[in-house]
Amino acid sequence: MNVEHEGSVHVLQLFDVSKRIGGREIVRQLNMSVRAGEVYGFLGPNGAGKTTTIRMIVGLIRPTRGAIRVCGHDVERDPVNAKRHLGAIVENPEMYGYLTGRQNLLHYARLAGVDHIEARIERVAKRVGLEDRIDEKVKRYSLGMRQRLGVAQALIADPKLLVLDEPTNGLDPAGIREFRELVRALAAEGLAVFVSSHLLSEVEQMCDRVAVLQQGRVIAEASVAELRARAGSLLLRVSRWDEAASWLRARGFDVEGKDGRLVVARLDDARVASLLRDLVAAGFDVYEAARTGGLEQSFLALTGAESGGDTR
Amino acid sequence: MRLWRVVQNEWMKLVRRRRLAVVVALALCLVGMFALGEHHERQIYSRVPTQAEVSADWRASAQANLRAAEAQLRLLKDSSANSAGAAQTLAELQQNVQEDRYRLARDVAPLSPNLLDGWSETSQFVGVATKTFIPLLVVILVGDMVAGEMTQGTIKLLVVRPVRRRTLLLGKWLVSAASAAALSFLLCFAFLGVALAIDGPQGAMQPEWLNIHVRFFTQPGALQATPVAVYNHAVVWPMWQAFLLQSALVAGAMVAVASIAFTCSVLFPSAMVSTSAAMGSIIIGFVVSAMARGQSWVRMLFTTHLSLYGDLAGGTSFTIGSPVTLAQGVAVLLAWTAVLLAASFLRFGRQDILNA
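Every value quoted in this text rests on a predicted model; they were computed, and no experiment measured them.

1. Remarks on the pairing of strand β3 (residues 226–230) of chain B
Residues and elements named next belong to chain B.
Moving on, step 1. Counting buried positions along β3 yields 4 of 5 residues, so the element is predominantly enclosed.
Moving on, step 2. Sheet topology note: the strand β2 (residues 213–217)/β3 ladder contains 5 bridges and is antiparallel. Bridging across to β3, Arg215 finds its partner in Val228.

Below, the structure written as structure tokens:
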């Protein structure tokens, strides 16, 4: 009973999960939990252990130590119940090219134990915008259509948890945008989404919370909104910019001035507000003020300089 | 329930893959070759001047032969057959008695000697094909059952479903075994159909000996033991019935071959490697069991028993130079199947799928 209750809040839980392959510790003591309706970003450079973690969640790899629960069911000990509410795209969603899209979905729906299979296939095909081409063989699909079919197969069992491994790899900007909107819509319907990425911008636009993985460890976890508010630089265009720069410097801000523009580094929301107020009160005209690189700088601060090169 | 859904899926994939078309095309080539061979043989036979037709009073001569053979058998009964020659004489007499009794009881006239018999031609060809061509077709059909999904990466989206891995594997094996059995069974009847179309339908009721034991006599001065077929426990069946049994036995042996190929496809993650490994093990096993004639361990090889009908009709004992029975052959194939399947279930159940 307790387990069921826990499961309804935390759709995915990882407890001290470690994986050792051939004497090398790929993933070390991961602890994470994802709630219903939340998009959880899993950010890290290539080779940090993201794919290994995702493969452990979906049961392709066994953890060396620790436990993973989906909706309260242990993935290793009770795989049938744990995976009943799981939809996944692991790397590229490879499909059976010699089958049609419909046959592929039928195949996965049978394994997922879906009732009213035909109606369900129609519904997910429509949802991903594939209803016109669903009876064509998958080998004639474009990459974008394959990705859509990949999403369709992940949604076929009406999952509570969606696990996506680098889902936007190979998509064009329009496709990425469309995909992001789909993920947000699914989360709004109450799905928990666990999405890995090596792109900071993607996580920033798609996720509610984010964990940063580096060399197999989670080195930071925070909500995206919080990170965005925490730090960043402020871009200013003001009257008498050189005068304003020295005025700000005198008040202890870190200012760089160039061609009439000022960049004030390392500010949170409160300091930005007070700076603007004081600047106007001191008689400077503010033409433009913009926050930049908030998340990125927060990350640099959280993770130290070494991750900066990889998590663009 | 879940198993049935897995079986449905695997069947859908099997019949839609290009491999099935390749296998069917190769099988048709094989049937075509057999037809060509039969046609050629028939032309040769047609050049032979027609010999006397079987006389209408074959019953009288059969009865006379039977009485003479029975009388001779009674004389020989007391002397035990402890040399190859004596055993041979005894065997021939027993065979004659059994044949005449069968013909008289069922009213089956002998075929005239220059007439080709499609039934026995097919039976002989199937005996060879079940050790060579048919296993290769089976390997092509199911040799990448698991490895193909590993190579293509589709295994990932299979394993993430709420189905236990052993259920997935069992479903795949059931489809492999069933398709191998169906393919080989149908192929046997395709051969039969071709042979009957070319040679004519005669021969269905001709006698066929089953359950023949083979004794080996070591003679001073001879390098190898002399095999002699023993008809003490032999039974005589009409040819059509024996052929039905033979086809069923071929299908059974091909289930064993499919299991071997299936295990290779679990153990080797590349479709090409697994198919080659399965094919290689069958060819090597075939060569070894032919080369190591007379060694008793040859009986333990699965390739020795691919013609289970040969185990039953005595042919296998002659080929490998040591006595085998159908029960032994079935036991050997079952043991191989069980051990290999256990290995593949252990492997697939525990395997980390890292880079599929």
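2. Observations concerning helix α4 (residues 84–106) of chain B
Residues and elements named next belong to chain B.
Moving on, step 1. Taking 1.5 Å per residue, 23 residues should reach 33 Å; α4 reaches 32 Å between its end C-alpha atoms and fits that length.
Moving on, step 2. Among all positions in α4, only Ala84, Ala87, Ala91, Leu93, Gln94, Val97, Gln98, Asp100, Tyr102, Arg103 and Leu104 are buried.
Moving on, step 3. Its buried side turned inward, α4 meets α3 (58–76), β1 (207–210), β2, β3 and β4 (235–238).
Moving on, step 4. Asp107 sits one or two residues past α4 and shows a positive phi near 60°.

3. What to know about empty space enclosed by the protein
Moving on, step 1. One pass over the structure, following the stated rule, counts 3 cavities of 30 Å³ or more.
Moving on, step 2. Its volume calculated, the largest cavity comes out at about 50 Å³.
Moving on, step 3. For the largest cavity, the full set of lining residues is Lys83, Arg84, Leu86, Gly87, Ala88, Ala112 and Ala157 of chain A together with Val160, Arg161 and Pro162 of chain B.
Moving on, step 4. The dominant element in the lining of the largest cavity, judged by the number of residues it contributes, is strand β6 (residues 86–89) of chain A, at 3 residues.

4. Details of the sheet that holds strand β12 (residues 254–258) of chain A
Residues and elements named next belong to chain A.
Moving on, step 1. Reading across the sheet, the 4 strands line up as β12-β13-β11-β14 and stay open at both edges, with antiparallel pairing between neighbours. This sheet does not close on itself; its edge strands, each paired only once, are β12 and β14 (286–292). The mean angle between the axes of side-by-side strands here comes to 20°, regardless of whether they run parallel or antiparallel.
Moving on, step 2. Looking at chain direction, strand β11 (residues 233–238) and strand β13 (residues 261–265) are connected through 4 bridges and run antiparallel. From the neighbouring strand, Leu234 faces β13, where its bridge partner is Val264.
Moving on, step 3. Of the strands in this sheet, β11, β12 and β13 are in contact with helix α10 (residues 241–250), which crosses β12 at around 170°.
Moving on, step 4. On the sheet, helix α11 (residues 269–281) packs against β11, β13 and β14 and is oriented at approximately 15° with respect to β11.

5. Points about the side chain of Thr263 of chain B
Residue and element names in this part refer to chain B.
Moving on, step 1. With respect to the helices and strands, the residue Thr263 is situated in helix α10 (residues 239–267).
Moving on, step 2. Assessed through its relative accessible area of 2%, Thr263 is described here as buried.
Moving on, step 3. Looking at Thr263, its side chain comes within polar contact range of the main-chain oxygen of Leu340, at 3.4 Å.
Moving on, step 4. Apart from residues no more than four positions distant in its own chain, Thr263 is found in contact with Leu340, Leu341 and Ser344.

Conventions used here
- Residues numbered from 1 in each chain as written.
- Chains lettered and ligands numbered in written order.
- Predicted model: local features only at pLDDT ≥ 70, side-chain atom pairs only at ≥ 80, totals over all residues.
- Heavy atoms only, no water.
- Buried < 20%, exposed > 50% of the residue type's maximum accessible area, 1.4 Å probe, protein only.
- Helix = DSSP H or I, 4+ residues; strand = E, 2+ residues; numbered from the N terminus.
- Pairing = 2+ DSSP bridges.
- Expected span 1.5 Å × (residues − 1).
- Contact = heavy atoms within 4.5 Å.
- 1 Å grid on protein atoms, 1.4 Å probe; cavity = no way out; pocket = protein on both sides within 12 Å on 5 of 7 lines; lining within 4 Å.
- Points joined across faces, edges and corners; volume = space filled by probe spheres on them.
- Axes fitted to C-alpha atoms, helices over the stretch in contact; angles between N-to-C directions.
- Polar contact = N/O pair within 3.5 Å; in protein donor to acceptor, adjacent residues only side chain to side chain.

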